[in-house]
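Listed below, chain by chain, are the residues.
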Amino acid sequence: MNDWSDIRTAVAKLCGDFPGDYWRAKDKADEYPVEFVQALTREGWLSALIPEEFGGSGLPLSAACAILEEIHASGGNGAAAHAQMYVMGTLLRHGSAEQKAQYLPAVARGELRLQAFGVTEPTSGSDTLSLRTTATRDGDNYLINGQKIWTSRARHSDLMVLLARTTPKDQVTKRTEGLSVFLVDMRDCPGLSIQPIATMMNHGTTAVFFDNVRVPAANRIGEEGQGFRYILSGMNAERILIAAECLGDARFFLDRATAYAKERHVFGRPIGQNQGIQFPLAQAHARLHAAKLVVADACRRYETGEVAGAEANMAKMLAAEASWQAGEAAMQTLGGFAFAAEYDIERKFRETRLYQVAPVSTNLILAYVAEHILGLPKSY
Ligand SMILES: Cc1cc2nc3c(=O)[nH]c(=O)nc-3n(C[C@H](O)[C@H](O)[C@H](O)COP(=O)(O)OP(=O)(O)OC[C@H]3O[C@@H](n4cnc5c(N)ncnc54)[C@H](O)[C@@H]3O)c2cc1C
């Protein structure tokens with residue numbers, strides 16, 4: 001499989017312009033890394049997956065994984081912009097020719113930001129099929145009412161891919177039907193309000209409220225009632241891309257911790273000479289290596305069109321665990337200095353913890369594997 005070494009080198013070079021103190025300052029001020037996202041956009045990295053006919057580079061998923069992994073390995077955070085890579089897939093796979101022609105080239109040129117993905121709601125959480133936001137047909141429009149939560153980057157996006165209920169839950173024949181996907185233009189959107197949520201890391205996440213928001217019916221993606229299927233079809237790419245970010249985080253922790261373990265002398269010798277320091281790092285390396293192979297396998301299956309649901313989910317779970325364990329080993333290796341912001345370990349430690357919860361929580365992955373791979377009874 002192509003390792004995309006040219007892409008890795010170029011992305012690492014770009015990230016060199018955004019060192020630790022850039023990310024620390026953004027973290028401290030809880031500010032969106034707008035300069036970094038603009039640089040990524042300018043160099044075309046965010047449109048890597050958009051087909052060439054729409055102005056993107058038409059690269060496969062493994063190339064996008066390489067981009068995100070390098071951002072994270074450098075100490076940066078792709079969460080500021082990663083959704084643009086997978087959210088556009090819903091439009092690409094299920095949108096009409098007119099919708100694709102209208103939006104994708106502008107996204108590829110960096111004129112339109114497609115960064116927001118409104119699925120999760122406060123009352124339904126992981127149980128997406130119980131979401132309550134409604135879209136009611138009103139002539140040539142739909143009226144949207146309800147609330148989303150954890151809609152990341154909503155304040156830094158022009159468009160949002162929104163999942164809303166178009167048929168009441170008790171009136172659908174199949175429980176997976178009755179939801180529809182809309183492309184909401186948030187730039188001039190009466191009735192839409194966005195509230196930032198303060199979180200343990202700098203993530204630009206929000207709660208979004210819809211009060212009779214009018215969305216043209218022409219902005220519905222695909223058939224009415226089939227939206228859950230469309231969102232699901234994009235989730236494998238999302239899982240794999242996030243897994244790649246976790247691999248990058250794990251590399252960051254290991255690079256920093258091993259360098260520190262060689263330099264830091266206590267009791268007259270480098271701390272890295274102690275097996276108590278070596279072994280957690282060696283174990284983290286082994287786990288990173290294993291996760292890398294699982295992510296590559298999921299990526300290969302995705303690219304060749306094989307069913308990749310279980311592999312994508314397992315890749316995300318194992319990579320998120322690998323990055324957390326590498327972070328834990330780095331925290332212990334740096335000792336007191338791990339807690340000092342200037343070493344960037346505590347920031348990355350906070351950032352990488354998210355991936356055991358979002359975009360899908362580990363328990364839900366285990367429940368999926370138990371049911372779909374092991375044939376155990378459905379537990380939820
Ligand atoms: C910083 C951040 C950014 C996010 N960005 C976005 C975004 O841009 N767009 C978006 O739509 N969503 C986003 N999310 C939402 C994210 O996908 C959800 O938080 C996640 O899916 C879990 O849902 P929940 O938080 O409601 O947890 P819940 O569903 O309430 O679950 C809580 C806990 O219970 C466990 N649990 C629940 N049901 C079961 C069960 N049947 N069996 C075993 N365990 C169970 C879960 O695994 C979890 O550990 C974001 C979340 C965060 C924190």
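A. Focus on the site of the ligand. Near the ligand lie 23 residues; those nearest to it are Gly 125, Ser 126, Trp 150, Ser 361 and Asn 363. Elements with a minimum of two residues in the shell around the ligand: β1 (114-118) and α11 (362-373). Sorting elements by how many residues they give to the shell around the ligand places α11 first, with three residues. The residue inventory of the shell around the ligand, partitioned by class, reads 11 nonpolar, 12 polar and no charged.

B. Layout of the packing of helix α7 (residues 227-263) against helix α9 (residues 309-334). Two elements in contact, α7 and α9, have axes separated by 8 Å at closest approach and are oriented at 20°. Relative to α9, the element α7 is oriented roughly parallel. Handedness of the crossing formed by α7 with α9: left-handed. Its residues placed into classes, the contact of α7 with α9 shows 20 nonpolar, six polar and four charged.

C. Representation of the nonpolar core within the structure. The biggest cluster of nonpolar side chains holds 110 residues, and the ones touching the most others in it are Ala 64, Ile 240 and Val 295. If one sorts the elements of this core by residue count, α7 sits on top with 18 residues. Sequence-distant contacts of Val 295, that is, excluding residues within four places in its chain, are made with Cys 65, Ile 240, Ala 243, Ala 244, Leu 247, Ala 315 and Ala 319.

D. Seen up close, the environment of Ala 338. If you trace the backbone, Ala 338 turns up in the loop between α9 and α10 (345-353). Spatially, the C-alpha atom of Ala 338 lies 9.5 Å from that of Ala 257, the residues being 81 residues apart in sequence. When near neighbours in sequence (up to four residues on either side) are disregarded, Ala 338 contacts Ala 330, Met 331, Tyr 343, Ile 345 and Glu 346.

E. Broad picture of the domain arrangement of the chain. Each assigned domain of the chain is listed here: domain 1 (5-108), domain 2 (114-225) and domain 3 (229-373). The C-alpha centroid of domain 2 is placed 23 Å from the C-alpha centroid of domain 1. The interface is formed by 18 residues belonging to domain 1 together with 14 residues belonging to domain 2. Those elements giving two or more residues to the side of domain 1 that touches domain 2 turn out to be α2 (20-29), α5 (83-94) and α6 (97-108). Looking at which element gives the most residues to the side of domain 1 that touches domain 2, the answer is α5, with seven residues.

F. Inspection of the packing of α7 against helix α8 (residues 275-303) at higher detail. Contact geometry for α7 and α8: axes closest at 10 Å, N-to-C directions at 155°. In terms of orientation, α7 lies roughly antiparallel with respect to α8. In this structure, α7 crosses over α8, and the sense of that crossing is left-handed. Residue-level contacts link Asn 236, Ala 237, Ile 240, Ala 243, Ala 244, Leu 247, Ala 250, Arg 251, Leu 254, Ala 257, Thr 258 and Ala 261 of α7 to Ile 277, Leu 281, Ala 284, His 285, Leu 288, Ala 291, Lys 292, Val 295, Ala 298, Cys 299 and Tyr 302 of α8. Residue classes in the contact of α7 with α8 are distributed as 18 nonpolar, three polar and two charged.

Cut-offs applied
Residues numbered from 1 in each chain as written. Predicted model: local features only at pLDDT ≥ 70, side-chain atom pairs only at ≥ 80, totals over all residues. Near = placed C-beta within 6 Å. Helix = DSSP H or I, 4+ residues; strand = E, 2+ residues; numbered from the N terminus. Nonpolar A, V, L, I, M, F, W, Y, C, P; charged D, E, K, R; others polar. Axes fitted to C-alpha atoms, helices over the stretch in contact; angles between N-to-C directions. Parallel < 35°, antiparallel > 145°, perpendicular 65-115°, else oblique. Left-handed = near helix turned anticlockwise from the far one by under 90°. Core = buried A, V, L, I, M, F, W, Y, C linked by C-beta atoms within 7 Å. Buried ≥ 20, exposed ≤ 12 C-beta atoms within 10 Å, placed from the backbone. Contact = placed C-beta atoms within 7 Å. Domains from an automatic or database assignment.

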